[in-house]
Amino acid sequence: MKAKVRFLLAIVVLGLLMTGPFVVTSILVWAGMEESERNMLLELLMSRLPIGTMMTIFGFGIGVAVLHKLFKQYVEGLLGMAEQLRLMLGANRNFRVKLNGPPEVQQLAQAANDLAAQRDMLMDDVDARIAQANASVEEEKNRLAALMSELAQAVVVCNLDGRILLYNNRARLQFKALSQGPTTVAGGALIGLGRSIFSILEKNQVEHSQEIIRQRLANGKSAMANFVTTTRGGQLLRVQMVPVLSGTPGEGEPQMTGYVLTVDNITRTLEEEARRDHALHALTEGSRAALGSIRAAVANLIDYPEMDPELRERFVKVVDDEASRMSQRLDETMHEFSDSMKTRWPLEDVLAMDVISAAQRRIEDKLKLPTKIEDVDGTLWIKADSFSLVFALVFVAERLQDHYQIRDLRFRTSSEGKLAYLDIIWVGQAISSETFYTWEMETMHALGETSSLSLRDVVDRHGGEIWYQREKAAHRAFFRFVLPLATPEAEVADERRSTGRPEYYDFDLFKFEDKSIDLDRKLSELTYTVFDTETTGLEPSNGDEIIQIGAARIVNNRLLKQEIFNQIVDPERPLKPESIPIHGITEDMVRGQPNIDIVLPGFHAFCEETVLIAHNAAFDMRFLQLKEERTGLRFTQPVLDTLLLSAVVHPNQESHRLDAVLERLGIDIDTRHNALDDAVATGEVFLKLLPLLEEKGIVTVRQALEASEKTYFARIKY
Amino acid sequence: MSKRILIVDDEPNIVISLEFLMKKEGFEVAVATDGEEALAQVAGFNPDLVLLDVMMPKKSGFEVCEALRADPSRAGLQIVMLTAKGRDTEVAKGLAIGADAYVTKPFSTKELLARVKEMLGIA
């Protein structure tokens, strides 16, 4: 029953209560009276009726007013409060019930507000804890990623299907160097998140190692496996596998959910070993025969002194012959293998400048000796054990300060052939060669620390030399350290590195299960290659050719800007002058680039096992298909077209050109009309379209393909 | 009757010394400079002992040794392998395929001579 109805009912009841007893009493009294008594009563009553009625009406009025007041305050007030409480519960957490009405209602409201405040505090606390937990997980992830990316070893983490979840920059560079064929074309296509490690490493060997680890785990041993494998390019890799185990320690058998691979390219090491072996062999075995002849001849000369002169002459000649042949062989071997005969102490490639700066800091801070830089080549790389080298520099500085009271020190570098010179220069007194000899041979002491090495040891460790030289005209002298020059590994220019943290990891792939492309899987779960081509013109069937292919990958809903394919192609025909302003690719740029026969296999490998995405895909696919016969490569994977998907989502929009779609979806792209930039833009579009498609109930690849087909644009054929 | 020794080596500088030494000690000496010649000489010269170099053109010393040991009529022929290969594995191989002694270059001529005499039973 509604409150209003109940109120009206209450008024009726009040009216009845005020008049009812009197009316009933009157009727009963009236019924028991004689005629005369009734007349007398009528007379008595009639004259006083108005005042009675008025009193009654007045009383009734007061009653209604009181009732109304109570109704307003208790019934309607509580109803209003209930609404406010609902509001607090749902739409607006920060709303509070207004305190008005009678004290009892106000107390109730206050209690409700207090409850709400308590609830808010709890909720805030929970939120804060969640945020904190998320932040620490994120931080840990970032720390791990940062650690990995700085490691000097190539590290790759895979799930049990061999899908790559994480890799570091070293791995990227190493495998990039490994990828065969024109490496610029492959562009590191071998490694990438979600890609299979088996394109790099032999599947059988990896699985065999997995098996070994399982057995070792089952036997409660520490689990690790090693193997050496050959790549298709003939490189030797030493791989160490360590399992990633699930679950908390102590809770049952740990399950292997993936593995970490540490990869060393040992081709060069092995080659060096082989060379060293060869040198050793040449010197030992090679000398045996010669020495054998000499020894036998000499023995005969000694044992049979009475032999005739002619024979003696022949034996002497044998000795002479063999001795000079041995000397020659020794020279040749030393010459040929001088590099591999050098010390085996591990030297790192460092900038000479870095070594000098480190020494300078220590000399200035600890010895209070001013230092200066004089002609230091900031790009000079040396092979050095920087710790012992810096120690040696500081040692020399301290000696000079103690014994010759020098006032400052200067550093200088230069290089000649395979050697780098690092000079430490001072003005003043010359030192004697005896002193220098002592310094060279004694165990080094510097800044209160003792090294186990002498200056000579440090120099030998570097396969270098040290000497003392004077610049008489300038009244200066210097020690010259001769060190091997290093040619640092070419740092691969990483143009996209500045744009935030590199996406070298994706732990969600742990959940990834290997299936060939299943059309009924969710769009958001698949791996895609978004690509774009630039062409000489718009008519593939009329001889127009591809001049650039750009592509990027989408893995687990992320566009990976590090894992790209970007290659200009020589179309082997002149470019059309009118098209040059569109794609910005000139004749000079295409000449000397690989042709499509070389580039297409690289691209084919790059997009293996992924769904292809392009804007106006029919156009690009047509170009690829026309090459099928020539290259024997078929692109059989499903293809999604962002132009069609855009038309599915926004059927009433006029334009679905890439520019229009980008603007509509609020995507800001710096440069356009370069295959790679357009591919990336297409990728962004696709990711923005995904939730919009989902609203339309399009969740799987199959649904997306069907919806695309239905749109008007699907009928356009090139 | 003096014993016969066949010297097989492609290096003239060692052959000259060995030939001189063995002749001085009263042996009848023949020389072959490769493996094939060695087999021919064994047939023709019929030696009691062969000083056999391992590294030779055409047929290696190992092959010659195997071929000689495959002929039961020459079971009494003594074979001393002379070689510049000093690794344990090669010594083991030489002895395994039937050499009676394995001498690594450079060697002492005195010891070699003593060894040869001992093997031929001339004390």
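Residues numbered from 1 in each chain as written. Chains lettered and ligands numbered in written order. Predicted model: local features only at pLDDT ≥ 70, side-chain atom pairs only at ≥ 80, totals over all residues.

Peer 1: Mind laying out the overall build of chain B, listing which residues take part and the relevant values?
Peer 2: A count of helices and strands for chain B gives 5 helices and 5 strands. Taken from the N to the C terminus, the helices and strands of chain B come in the order β-α-β-α-β-α-β-α-β-α. Split into buried and exposed, the 123 residues of chain B put 39% on the buried side. (Helix = DSSP H or I, 4+ residues; strand = E, 2+ residues; numbered from the N terminus. Buried ≥ 20, exposed ≤ 12 C-beta atoms within 10 Å, placed from the backbone.)

Peer 1: Could you give an account of the overall build of chain A, with specific residues and numbers?
Peer 2: Of the regular secondary structure elements, chain A holds 21 helices and 19 strands. For chain A, buried positions account for 27% of its 718 residues.

Peer 1: Tell me about the sheet that holds strand E17 (residues 558-568) of chain A, residues and numbers included.
Peer 2: Residue and element names in this part refer to chain A. The mixed open sheet is built from 5 strands, whose spatial order is E17-E16-E15-E18-E19. The open sheet has two free edges, formed respectively by E17 and strand E19 (639-641), since each of these has just one partner strand. On average, adjacent strands in this sheet sit at an angle of 25° to one another, irrespective of strand direction. Of the strand pairs in this sheet, strand E16 (residues 546-555) and E17 are connected by 8 bridges, and their pairing is antiparallel. Its bridge partner being in E17, alanine 551 is matched across the sheet by phenylalanine 565. Contacts from helix H18 (residues 642-649) reach strand E18 (611-614) and E19, with the element oriented near 55° to E19. Where helix H20 (residues 675-695) meets the sheet, it contacts strand E15 (528-535), E16, E17 and E18, and its direction lies at approximately 35° from that of E16. (Pairing = 2+ DSSP bridges. Axes fitted to C-alpha atoms, helices over the stretch in contact; angles between N-to-C directions. Contact = placed C-beta atoms within 7 Å.)

Peer 1: Hey, could you go over the interface of chain B and chain A for me, with residue numbers and the actual values?
Peer 2: Opposite the 19 residues of chain B that make contact, chain A presents 18 residues. Broken down by secondary-structure element, the contributors of at least two residues to the side of chain B that touches chain A are helix H1 (12-24) and helix H5 (109-119) of chain B. Sort the elements by how many residues they give to the side of chain B that touches chain A and H1(B) lands first, with 8 residues. By residue class, the composition of the side of chain B that touches chain A is 8 nonpolar, 6 polar and 5 charged. (Nonpolar A, V, L, I, M, F, W, Y, C, P; charged D, E, K, R; others polar.)

Peer 1: A description of the packing of H18(A) against helix H21 (residues 701-710) of chain A should follow, citing residues and the corresponding values.
Peer 2: Residues and elements named next belong to chain A. Axis separation between H18 and H21 bottoms out at 9 Å; the angle between their running directions is 80°. In terms of orientation, H18 lies roughly perpendicular with respect to H21. Listed contacts from H21 to Leu644, Leu645 and Val648 of H18 are Ala704, Ala707 and Ser708. Looking at the contact of H18 with H21 residue by residue, the class counts come to 5 nonpolar, 1 polar and no charged. (Parallel < 35°, antiparallel > 145°, perpendicular 65-115°, else oblique.)

Peer 1: Talk me through unusual backbone geometry; I want residue IDs and the actual numbers.
Peer 2: Residues and elements named next belong to chain B. Omega for the peptide link from lysine 105 to proline 106 comes to -10°, which places this bond in the cis form. Along the polypeptide, proline 106 turns up in the loop between strand E5 (101-104) and H5. Positive phi outside glycine occurs at asparagine 46, with the angle close to 55°. Looking at the element boundaries, asparagine 46 is found in the loop between helix H2 (35-45) and strand E3 (49-53). The exposure class of asparagine 46 is exposed, given the 12 C-beta atoms found within 10 Å.

Peer 1: Describe the confidence of the model for chain A, and please don't skip the residues or the numbers.
Peer 2: Residue and element names in this part refer to chain A. In the predicted model, chain A carries a mean pLDDT of 81, and 90% of its residues have values of at least 70. Ranking the elements of chain A by mean pLDDT puts helix H5 (residues 183-186) last, at 45, and E15 first, at 92. Within the model, the stretch residues 180-188 combines pLDDT values under 50 with 23 contacts to residues more than four positions away or in other chains. (pLDDT = per-residue confidence, 0-100.)

Peer 1: Describe the sheet that holds strand E14 (residues 476-484) of chain A, with residues and values.
Peer 2: All names here are of chain A. An order of E7-E9-E10-E14-E13 is seen for the 5 strands of this open sheet, with the pairing classed as mixed. The two strands at the open ends of the sheet, each matched to only one other strand, are strand E7 (371-373) and strand E13 (465-471). Between one strand axis and the next, the sheet turns through 25° on average, direction left out of account. For E7 and strand E9 (residues 409-416), the ladder comprises 3 bridges, and the chain directions are parallel. Residue pairing across strands places isoleucine 373 opposite phenylalanine 411, the latter belonging to E9.

Peer 1: Describe the packing of helix H1 (residues 3-31) of chain A against helix H2 (residues 35-89) of chain A, and please don't skip the residues or the numbers.
Peer 2: All names here are of chain A. Their axes nearest at 9 Å, the elements H1 and H2 cross at an angle of 160°. By the angle between their axes, H1 is roughly antiparallel relative to H2. In the packing of H1 onto H2, the handedness of the crossing is right-handed. Contacts between H1 and H2 involve Ala3, Phe7, Ala10, Ile11, Leu14, Gly15, Met18, Thr19 and Trp30 from the first element and Arg38, Thr56, Gly59, Phe60, Gly63, Val64, Leu67, Phe71, Val75, Glu76 and Leu79 from the second. Split by residue class, the contact of H1 with H2 holds 13 nonpolar, 5 polar and 2 charged. (Left-handed = near helix turned anticlockwise from the far one by under 90°.)

Peer 1: An account of helix H15 (residues 596-606) of chain A is needed here, citing residue identities and associated values.
Peer 2: In an α-helix, one full turn covers 3.6 residues, which means residues spaced three or four apart are oriented alike. Of all the residues in H15(A), the buried ones are Ile596(A), Val599(A), Leu600(A), Gly602(A), Phe603(A) and Phe606(A). The buried residues of H15(A) occupy one face: seen down the axis, they fall within an arc of 165°. (Arc of directions from axis to C-beta.)

Peer 1: Give me the confidence of the model for chain B: which residues, what numbers.
Peer 2: Residue and element names in this part refer to chain B. Per-residue confidence for chain B gives a mean pLDDT of 88; residues scoring 70 or more make up 98%. The weakest mean pLDDT in chain B belongs to helix H4 (residues 88-96) at 78; the strongest belongs to strand E1 (residues 4-8) at 95. Across the interfaces of the predicted complex, the ipTM metric reaches 0.84, alongside a pTM of 0.51.

Peer 1: So what's going on with the environment of Ile266(A)? Residues and values would help.
Peer 2: Residue and element names in this part refer to chain A. Within the secondary structure layout, isoleucine 266 lies in the loop between strand E5 (256-265) and helix H7 (267-303). Residues isoleucine 266 and arginine 238, 28 residues apart in the sequence, show an inter-C-alpha distance of 6.4 Å. Contact partners of isoleucine 266, with chain neighbours within four places excluded, come to Leu236, Leu237 and Arg238.

Peer 1: Lay out the nonpolar core with the relevant residues and their values.
Peer 2: Within the largest apolar cluster, 78 residues are counted, with the highest numbers of intra-cluster contacts made by Val156(A), Val530(A), Ile549(A) and Ala551(A). No fewer than three residues from each of domain 2 (151-265) and domain 5 (515-715) of chain A sit in this core. Among residues more than four places away in sequence, those in contact with Val530(A) are Ala551(A), Ala552(A), Ile554(A), Ile613(A), Ala614(A), Ala679(A), Thr682(A), Gly683(A) and Phe686(A). With 42 residues, the next largest nonpolar core counts Ile7(B), Val50(B), Leu52(B) and Met81(B) among its residues. (Core = buried A, V, L, I, M, F, W, Y, C linked by C-beta atoms within 7 Å. Domains from an automatic or database assignment.)

Peer 1: Summarise the pairing of E3(B); cite the residues concerned and give the values.
Peer 2: All names here are of chain B. The buried count for E3 comes to 5 of 5 residues, which makes it a mostly enclosed element. Side chains Leu49, Leu51 and Asp53 project from E3 onto one buried face, and the interleaved Val50 and Leu52 project onto a second face that is buried too. Sheet topology places E1 next to E3; 4 bridges connect them, and they run parallel. What sits directly across from isoleucine 7, in E3, is leucine 51.

Peer 1: Tell me what's going on with the environment of Met55(B), and back it up with residues and numbers.
Peer 2: Residue and element names in this part refer to chain B. Position of methionine 55 relative to the elements: it lies in the loop between E3 and helix H3 (61-69). Residues methionine 55 and aspartate 9, spaced 46 residues apart in sequence, show a C-alpha to C-alpha distance of 8.2 Å. Discounting chain neighbours no more than four positions away, the residues touching methionine 55 are Ser60, Thr83 and Ala84.

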